[in-house]
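Now for the letters of each chain:
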Amino acid sequence: MQSLYIFAGILVAVAAQEYIQPYIMVDRYPDWYISRSQNEHLRLRRQLSVNKNGDVTLAHGSPNDKVFGTLGSRGESAFGKLGYQHNFINDDRGKLTGTAYGSRVLSPYGNSNHLGGRVDWASKHTSASLDVSRQMHGPTAIQAAAGGKWPVGRNGEISAQGTYDRIGRMQDYGGRLGYTYRF
């Protein structure tokens, strides 16, 4: 009789366990969801997901525009990030992308707002970026970087890179020049 009680207790404990179905990302929407007829425009894809930290992320856009964001918390603090990205040029000349972003942090130790913008250029041999951001009632930060690689002969290549960082009154410069030869 005692083993019957133990078996019933184990059965109740197993049945009482909470089952959480894992999050499944769908890569493709069904055809009926995207367009109802030939004359309608295609519905823009949305992507809403939850990562392992419990943050909710959003990505919504078209090939040239994208809106992205995150809501989450860490300990006693809550945060939200939102941004917009636009591709200005994307052809044989290269790719020019601009991004505007902002964030808000709520904390028992103080709140903060952060706004910024970024421009990125990438082509076959060169790349450059400029990021300007500001914490409200705080310092302005500027980060710039540029670099390139150029072939020399069949097996050689010259590369050059430069960086500039500034937060408030502190400034930092960097540079690098290199030659690579593959035997």
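Relevant structure appears above.
J.: Just checking my understanding: could you explain the environment of Gln143 for this structure?
T.: In this structure, Gln143 sits in strand E8 (residues 140–152). On the basis of relative accessible area, Gln143 is assigned to the partly exposed category, the value being 44%. Taking the C-alpha atoms as reference, Gln143 lies 9.5 Å from Asp172; in sequence the two are 29 residues apart. Non-local contacts of Gln143, meaning those with residues more than four positions away in its chain, are made with Ser129, Leu130, Asp131, Tyr164 and Asp165.

J.: Would you take a moment to explain the pattern of salt bridges for this structure?
T.: Pairing between side chains of opposite charge can happen when their charged atoms approach one another. Scanning the model with the defined rule gives three salt bridges in all. Asp120 is paired through a salt bridge with Arg118; the nearest N and O atoms lie 3.1 Å apart. Judged by its relative accessible area of 22%, Asp120 is partly exposed. Residue class for Arg118 comes out partly exposed when judged on its relative accessible area of 28%. Note that Asp131 is salt-bridged to Arg118, the shortest N-O span being 3.3 Å. You can see Asp131 sitting in strand E7 (residues 126–135) and its partner Arg118 sitting in strand E6 (residues 112–122), a full 13 residues away along the chain. Where salt bridges share partners, they join Arg118, Asp120 and Asp131 into one cluster.

J.: I would appreciate a short explanation of unusual backbone geometry in the present structure.
T.: Negative phi is the rule for most residues except glycine; trans is the rule for most peptide bonds. With a phi angle near 60°, His137 is a residue other than glycine that sits in the positive phi range. Within the secondary structure, His137 is located in the loop between E7 and E8. For His137, a relative accessible area of 84% corresponds to the exposed category.

J.: Explanation requested: the packing of aromatic side chains in the structure shown.
T.: The description of two aromatic rings rests on the distance between their centres and on the angle between their planes. Counted according to the given criterion, the structure contains two aromatic pairs. The interplanar angle of 45° and the centroid separation of 5.2 Å between the aromatic rings of Tyr164 and Tyr173 together place this pair among those described as tilted. A relative accessible area of 22% places Tyr164 in the partly exposed class. Plain terms: the ring middles of Tyr181 and Phe183 are 5.1 Å apart, the flat faces sit at 75° to each other, and that makes the pair edge-to-face.

J.: Explain the side chain of Thr99 to me, please; I cannot follow it from the model alone.
T.: Topologically, Thr99 is positioned in strand E5 (residues 94–106). Apart from the residues within four sequence positions on either side, Thr99 is in contact with Phe68, Tyr84, Gln85, Gly116, Gly117 and Arg118.

J.: Could you clarify how one ought to interpret the pairing of E5 in this entry?
T.: One face of the sheet, then the other: side chains in a regular strand alternate in exactly this way. Here 13 bridges tie strand E4 (residues 77–91) to E5, and the two strands are oriented antiparallel to one another. Residue pairing across strands places Ile89 opposite Leu96, the latter belonging to E5. Where E4 hands over to E5, the hairpin turn is made up of two residues, counted between the paired strands. Remark: five residues form the turn of the hairpin made by E5 and E6, two consecutive strands paired antiparallel; Gly110 in that turn has positive phi of roughly 135°.

Thresholds, definitions, all that
Residues numbered from 1 in each chain as written. Predicted model: local features only at pLDDT ≥ 70, side-chain atom pairs only at ≥ 80, totals over all residues. Heavy atoms only, no water. Helix = DSSP H or I, 4+ residues; strand = E, 2+ residues; numbered from the N terminus. Buried < 20%, exposed > 50% of the residue type's maximum accessible area, 1.4 Å probe, protein only. Contact = heavy atoms within 4.5 Å. Salt bridge = Lys/Arg side-chain N within 4 Å of Asp/Glu carboxyl O. Phe/Tyr/Trp six-rings, centres within 6.5 Å; stacked < 30°, edge-to-face > 60°. Pairing = 2+ DSSP bridges.

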